[in-house]
Every structure is written in C-alpha cells, then in structure tokens.
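Tertiary structure, described
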Amino acid sequence: MGENERWQEKWHGLQDVLGPKWSLHILRLLSEGSHGFNAIQHELSGLTAPMLSQRLTELSCHGLIERTVEETRPPTTAYSLTEQGAQVATHLRELESLVELHGRTDGDRRQDCSETSEECRNEALSDGCVTVVDQC
C-alpha cells in the first residue's frame, strides 16, 4: 500500500468516526465535563433520544467516550471522554478558531459574505454562511 492510499484510508476512518451527525457535537459537549443522557439531549437542541443513544454507542465503541453507572436510587448514568476522546476533542476545539459564522443582520440582509461562501454548502447554518477565518 502506497503513502497516498495510507493517508486516504486514515481519513476515511476519521470520517467514519467523526462524520455521523451529532458526533462532533457530543464530543464538544463532553469536553466540558461528564453529562447524563438527558442533560446531553437537553443541551443539543434537535437531537432525538434514539439518535443520541446510537451516537453514544458508536463513540463508545470507537473508544472516545465511556459510560459510568453510579449505584444510586435510581441509578445515575454519566458519559465522559476517555483519554483518547479528550485528545480528539482538544484538537477539534483548536479548529474552532479557524471557522467564522456569519448570520443575518437587519432582517434578511446578509452580512458581507464572499460570493464563494454563499455558494458553499451551508446546511448547518440555514440563515447565514460558514467560512474559514479571513476568507469572508
């Protein structure tokens, strides 16, 4: 396997782990500290319980989060990052500084987004644009 195939395989793996919807959000939230299932769902508006359960299972399977159950009445379940998950979240949080969100101002008038950013995919921000810092 050549160098080109190796890095592509690794990047496909990154996409498999981090690409599913809500995975990044969950990692970001847990980078602030452990949370219970309901607290995660409450903090991430629009995330359904079945989807959260699925993502928590996947992230746990990948070794990025862990689930602990405290023997209280009723039992208390908390999710937190593993050491590996904390490393991934740290790197992801560093990437936050590279992205700027540009929302609407004055009704429907957009802020001054470049023509390129207007054409880019903007599913995550339906009322604005997302660009790399210093590109808009």
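Here, every reference points to the structure presented above.
Residues numbered from 1 in each chain as written. Predicted model: local features only at pLDDT ≥ 70, side-chain atom pairs only at ≥ 80, totals over all residues. Heavy atoms only, no water.

**Things to note about the packing of helix α2 (residues 23-30) against helix α4 (residues 49-61)**
Relative to each other, α2 and α4 sit at 75°, their axes nearing to 10 Å. If you check the angle between α2 and α4, you find them roughly perpendicular. Contacts between α2 and α4 involve S23, I26 and L27 on the former and, on the latter, L52, R55, L56 and L59. Counted by class, the contact of α2 with α4 contains five nonpolar, one polar and one charged residues. (Axes fitted to C-alpha atoms, helices over the stretch in contact; angles between N-to-C directions. Helix = DSSP H or I, 4+ residues; strand = E, 2+ residues; numbered from the N terminus. Parallel < 35°, antiparallel > 145°, perpendicular 65-115°, else oblique. Contact = heavy atoms within 4.5 Å. Nonpolar A, V, L, I, M, F, W, Y, C, P; charged D, E, K, R; others polar.)

**Overview of the environment of Q87**
Relative to the assigned elements, Q87 resides in helix α5 (residues 83-95). Taking relative accessible area as the criterion, Q87 reaches 46% and is therefore assigned partly exposed. When the C-alpha atoms of Q87 and S31 are compared, they prove to be 9.5 Å apart, with 56 residues separating the residues in sequence. (Buried < 20%, exposed > 50% of the residue type's maximum accessible area, 1.4 Å probe, protein only.)

**A short note on the side chain of R55**
Inspection of the secondary structure assignment puts R55 in helix α4. A distance of 2.7 Å separates a polar side-chain atom of R55 from the backbone oxygen of K21. Ignoring anything within four residues of it in the chain, the contact list for R55 reads P20, K21, W22, S23 and I26. (Polar contact = N/O pair within 3.5 Å; in protein donor to acceptor, adjacent residues only side chain to side chain.)

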